[in-house]
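Survey of secondary and tertiary structure
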Amino acid sequence: MLNLATFVALTNFKFNMSGNRTFTMVKPDAVADRHIGGITQMIEAAGFRVVAAKLTKLSEERAGQFYEVHKERGFYGDLKAYMSSGAVVAMILEKENAVADFRKLIGATNPANAEEGTIRKKYAKSLEANAVHGSDSDENAEIESNFFFSKTEQF
Ligand code: ATP
Ligand code: MG
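So, here's what we can say about the structure. (Residues numbered from 1 in each chain as written. Chains lettered and ligands numbered in written order. Predicted model: local features only at pLDDT ≥ 70, side-chain atom pairs only at ≥ 80, totals over all residues. Heavy atoms only, no water.)

1. Structural notes on the site of ligand 1
Rules: One heavy atom within 4 Å of a molecule or strand is enough for the residue carrying it to be called near that molecule or strand. Each polar contact in these results corresponds to two N or O atoms within 3.5 Å; when the atoms are within protein, one needs to be able to donate a hydrogen and the other to accept it, and residues that are neighboring in sequence are counted only if both atoms are side-chain atoms. Surface accessibility in these figures is a Shrake-Rupley result with a 1.4 Å probe; residues are shielded only by whichever protein chains are displayed. Note on residue categories: nonpolar means Ala, Val, Leu, Ile, Met, Phe, Trp, Tyr, Cys or Pro, charged means Asp, Glu, Lys or Arg, and polar means any other residue, Gly included.
Around ligand 1, the surrounding shell holds 13 residues, and the nearest of these are Lys-27, Tyr-67, Thr-109, Glu-128 and Asn-130. At 2.8 Å from an oxygen atom of ligand 1 is found a side-chain nitrogen or oxygen belonging to Lys-27. The contact in question runs from an oxygen atom of ligand 1 to an N or O atom on the backbone of Gly-134, over 3.0 Å. Burial of ligand 1 by the surrounding chains reaches 80%, relative to a free accessible area of 580 Å². Per-class residue counts for the shell around ligand 1 are four nonpolar, five polar and four charged.

Shown next as structure tokens:
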């Protein structure tokens, strides 16, 4: 039998363990087209809990920092312009296996390849204007979360 202290310690360990949080943004096209509610509804219905949220706008420079991993790609200039073209909603989401499960929920980068039932299938307009961002690893989820939110804004 576990005593209470051990149970609490194990529960907290699981709660804090990497792997239960991911970062997302509702991108400018989806915000402009009034899909914040629809997208957030799909996210919550899939079992994610919103633990941080903010409507904000990236400068072109900040958008470039966020997607710095793509700086050698031909689409980087367009991506910076697009991601700074309007407001975005940044969120941190919590769920077991958050990063992988959220990538499944958003679907393929190119909506033409996104499966039925995914957010991008329903809301993305093009390969670039693809409605939502989702972190691709636990490490990037943490970096991206801290890019948008102070620790006191993460619940
Ligand atoms: P995100 O990082 O936004 O969740 P992703 O991980 O599915 O998207 P990435 O390869 O990281 O895809 O590309 C980042 C973003 O850059 C894409 O979501 C899309 O908006 C844009 N993008 C990717 N490839 C292209 C391309 N070939 N042409 C134009 N834009 C692109
Ligand atoms: Mg990516």
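2. Concerning helix α6 (residues 98-106)
Counted only if it meets this: Burial here depends on accessible area, computed with a 1.4 Å probe over protein chains only, as a share of the maximum for the residue type. Under 20% is buried, over 50% is exposed, and the range in between is partly exposed. Runs of H or I in DSSP of at least four residues are treated as helices and runs of E of at least two as strands, each being numbered from the N terminus. What the arc covers is the set of directions going from the helix axis to the C-beta atoms. Contacts are residue-level and defined by heavy atoms, with any inter-residue pair within 4.5 Å sufficient.
For α6, every residue scored as buried is listed here: Ala-98, Val-99, Asp-101, Phe-102, Leu-105 and Ile-106. Down the axis, α6 shows its buried residues gathered within 170° of arc, on one side only. At its buried positions, α6 is contacted by β1 (21-26), α3 (36-45), β3 (88-94), α7 (119-123), β4 (132-134) and α8 (138-148). Just downstream of α6 lies Gly-107, where phi reads positive at about 90°.

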